[in-house]
Each structure stands twice: as structure tokens, then as C-alpha cells.
Amino acid sequence: MSMLREILKRTAKFSEQKPFLMLLIILIVTVFAGISATNVKSQTAFEKMLPQDNPIIKTLYEVRDEFGGTDVITICIKLKPSDSSDKAVDIRDPRVLKAIKELEDNLRYVDGITSVSSPVDIIIQKNNGVVPNDIDTVKNILNKLPEDERKRIFNSDYSMTVVNAYTDAGGDQKKLMRVMDDVNERIEETPFPPGVKVIATGTPPMRKLMDELMKESQSFTTTVGLVGVLMILILYFRKPLSSIMPLLPVLIAVVWTGGAMGLLDIPLDMATAGIGSLILGLGIDYGIHLMHRYDEERRKGMPIDRAIETAVVETGTAVMATTATTVAGFLALVLAPLPMMANLGKVCALGIFFCMIVVLTLLPALIVIEERHIMPLIKRLKGDANDNQ
């Protein structure tokens, strides 16, 4: 314990005597962490969230290697309300079938699409290799097919059909996003007649949607958490600078956590998407305790250097103990069989540890900068303004 207190004492002394150097060191580390954070990969593949040594997952990868894609992009072509006089009123309309054939041919050129199938294939096959020019011919072909086969081509009221595109993207997130962008581009380029709506669904499109929602949720929850914490700090400290200072180390710890995720190849998944707001909520306590203890010592008449030392040493020992117990609890998740839970444990443990480091090093430096540089400057500016009046 005495060694720990000595380390905290030296840290407080360094921050008090060289606050701008401490600030510079933290900013340099933060810049590198921010650069590393850009390498964080999103992960939405369901199989990647399961144990990779499980026989079921291993077999899935073997099937992909031997037989190609196992993920199906189901492109739904259906009728929709339209005011156009030239709208399609039956999905068997030859214009719709020709557009489906064009879409199908275009999808085959997409890198990552291994095969494409659609109901038009059967109709073309039964019509000497060409799309029928009139709907009556389509109806005659369908009437000659077995009933169970007709049901697999169109729905009962002939308002919907599907095109199935198989992809070998698998757990490769970047490849899947590129494949989905290409597929959606092909859909947009295909000249379907008025009254027809085309939507890609299935596992790959849902993974793309999940990727977008995770990133949106991460930004939204972190912003809401930041605003909420800031409002509470303003109500508590009642001074703008004192309200912002405990928050800055936690925000930097969030950046460091993102950098660690990029460095350690920890993906952004459903479990880690909300890590920003989680760290904000858990880590802000450290800064509040240190600021409160510093204010107490100053009210007792202690000079800045003694107040900083006391606050860091006395609060720091408790903060370190709290951090150790919290990190231990989160690291227990690393032993979970689900990789997603293990990732959450790693990220939370890193985030809380970084909060402790930044609060005990940066916050004392910020307090000294406020007390010795910012507040005197504000007083001088106010004095000059009063003299001018």
C-alpha cells in the first residue's frame, strides 16, 4: 500500500508541476488511439458470434469451401399501388419477367455472388429459351406445370415472386457490405415497370441493416449519455469549467478503448456497440470523487499543490481498488463460451482501466491549468473590461 501511495504521490506531483506536458502526453496517446480506432471492424455474422471450434460452425465453413455460398439474398419483386396508367397489375406481366431476367443476368457478374435462380428460368425454359411476349403465353405455360411447382414460382394472387442470389461472403464483413452495395445498385439499375417494388431481404441484407443500426446506435447512445452526464455535472458543480473537466478524461478513455479494440482486433458487434455510453456511466464517478476531494481540501485552506496531492493519493487508492474489482468482474465474461460475451468483457475491462489511468493523470493537470492559468486570465479580462467602462 505504501508503494502504491508513493506512485500516486509522484503522479500528482508531476501533474501539478508540469500540467501542460502531462496534457501533451495524453493528447499524443489519444491521437494514436483515434487512428487505431478507425481499424475497428463491424461483425454481424451470426456464426462469428458462436464458438469457432464447435463442430456445427466448422462444418458450415467446410460446406462453404466445397459447395460455395450458404447465405441467400432473397430479392422480393411485388406489386405496389401506382397512379401510372402503364402500371403492372399482374406479376406475370412479360415486362416484369423481362426485368427479372435482366436483373438475374446482371447479378451473375457481381463478385461474391455464386449463383442466381428465379421463376423466370422455368418459364423461359418452357418457351424455347426466351421470355414470352404476352401474359396469355405465361399463363398457358404455368397451367401446364404441376400445382406444387406453380406455387413455388408466384404467390396465390400473382402479386409477388422472388429471385434468390447465393453469396460466399460468409463472415467476411467487408466483402458482404460490398456485395450488398453491388446487389442494391443492380436492383436500382433494372428497369422494372411502374407498380413494381423490389426489396432485397434475407440474412445478408439483415446483416447490412444490423451493421448500420449498430453504428447509428453507438453514436446515438454515446451522444445521449454524454449530454445526460454533462447536465448532471452542471447541476452538481454549478461551474462550466468544473463540470466539463471530470468528463474530458472519460471521453479520452472512450477513444483509448476504441484504439485498443482496433489494436487487439476486437470487433464492433451487438454486445460492444453501446460501449461508449457504458464507459461514460461507469467512469464518470472517478472524476467526480477526485474533483470533490480537491474542492474539500481547498476549502480547508490548503494550497493547490497540497490539495492535488491529497486528492490524488486519498481518492486514487479507493479508485484503484474500485477499478480492480470492476475489472475482475468484467474479465469473468472473457471465460464465457460465446465470443460476443467475451468481447464485451474485454472492452469493458479496458474501458474502466483507461478511465482510472486518465482520471488520475490528466484531471489533476486540468485542475492546475484551471486554477493557475485560466481563472487568473478570466479575472484579468474582467478587470480590463471594468476599467474600460
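Above this note sits the structure.
In short, a report on the structure. (Residues numbered from 1 in each chain as written. Predicted model: local features only at pLDDT ≥ 70, side-chain atom pairs only at ≥ 80, totals over all residues. Heavy atoms only, no water.)

**Observations concerning the pattern of salt bridges**
Let me state the cut-off plainly: When a carboxyl oxygen of Asp or Glu lies within 4 Å of a side-chain nitrogen of Lys or Arg, that pair is called a salt bridge. For the purposes of this entry, the term helix denotes a DSSP run of H or I that reaches at least four residues, the term strand denotes a run of E that reaches at least two, and both are numbered from the N terminus. For the exposure calls, accessible area comes from a 1.4 Å probe over protein chains only, and a residue counts as buried if that area is under 20% of its type's maximum, exposed if over 50%, partly exposed in between.
What the rule picks out here adds up to 19 salt bridges. Put simply, R372 and E16 hold a salt bridge, and the shortest N to O gap is 2.6 Å. A residue pair is termed long-range when its members are at least 10 positions apart, and R372 in helix α14 (residues 339–388) and E16 in helix α1 (residues 2–17) qualify at 356 residues. On the basis of relative accessibility, which here comes to 10%, the residue E16 falls in the buried class. Between D71 and R207 there is a salt bridge, with its nearest N and O atoms 3.9 Å apart. Of the two residues, D71 is situated in strand β1 (residues 71–79) and R207 in helix α9 (residues 203–237); the sequence distance between them amounts to 136 residues.

**Thoughts on the side chain of N127**
Rules: Polar contact is defined as a pair of N or O atoms within 3.5 Å, subject to the rule that within protein one atom must be able to donate a hydrogen and the other to accept it, and that residues adjacent in sequence are counted only when both atoms are side-chain atoms. Any two residues whose heavy atoms approach within 4.5 Å are treated as being in contact.
Note on placement: N127 falls in the loop between α5 (120–126) and α6 (135–143). Side-chain polar atoms of N127 contact the backbone oxygen of V130, separated by 3.1 Å. If sequence neighbours within four positions are ignored, N127 has contacts with P132, T137 and I141.

**Considering helix α8 (residues 173–189)**
Put simply, the rule reads: A helix is expected to reach a length of 1.5 Å times the quantity of its residues less one.
In a regular helix each residue adds 1.5 Å, so 17 residues correspond to 24 Å; α8 covers 24 Å between its end C-alpha atoms and thus fits that length. Every buried residue belonging to α8 is among Q173, L176, M177, V179, M180, D182, V183, R186 and I187, and all of these are buried. Next to the buried residues of α8 lie β1, α4 (94–107), β2 (113–117), β3 (160–167), β4 (196–202) and α9.

**Some thoughts on the nonpolar core**
Quick reminder of the rule: Residue types Ala, Val, Leu, Ile, Met, Phe, Trp, Tyr and Cys, when buried and joined through side-chain atoms within 4.5 Å, form a set referred to as a nonpolar core.
Judged by nonpolar contacts, the single largest core of 51 residues is most densely connected at W256, Y286, L290, Y294, I308, L363 and I367. Every element with two or more residues in this core is listed here: α1, α2 (19–37), α9, α11 (247–263), α12 (275–299), α13 (304–331) and α14. Considering each element in turn, this core owes the most residues, 17 residues, to α14. Among residues more than four places away in sequence, those in contact with Y294 are I304, A307, I308, A311, I367 and E371. Of all hydrophobic cores here, the second largest spans 34 residues; its members include A99, L145, I153 and V183.

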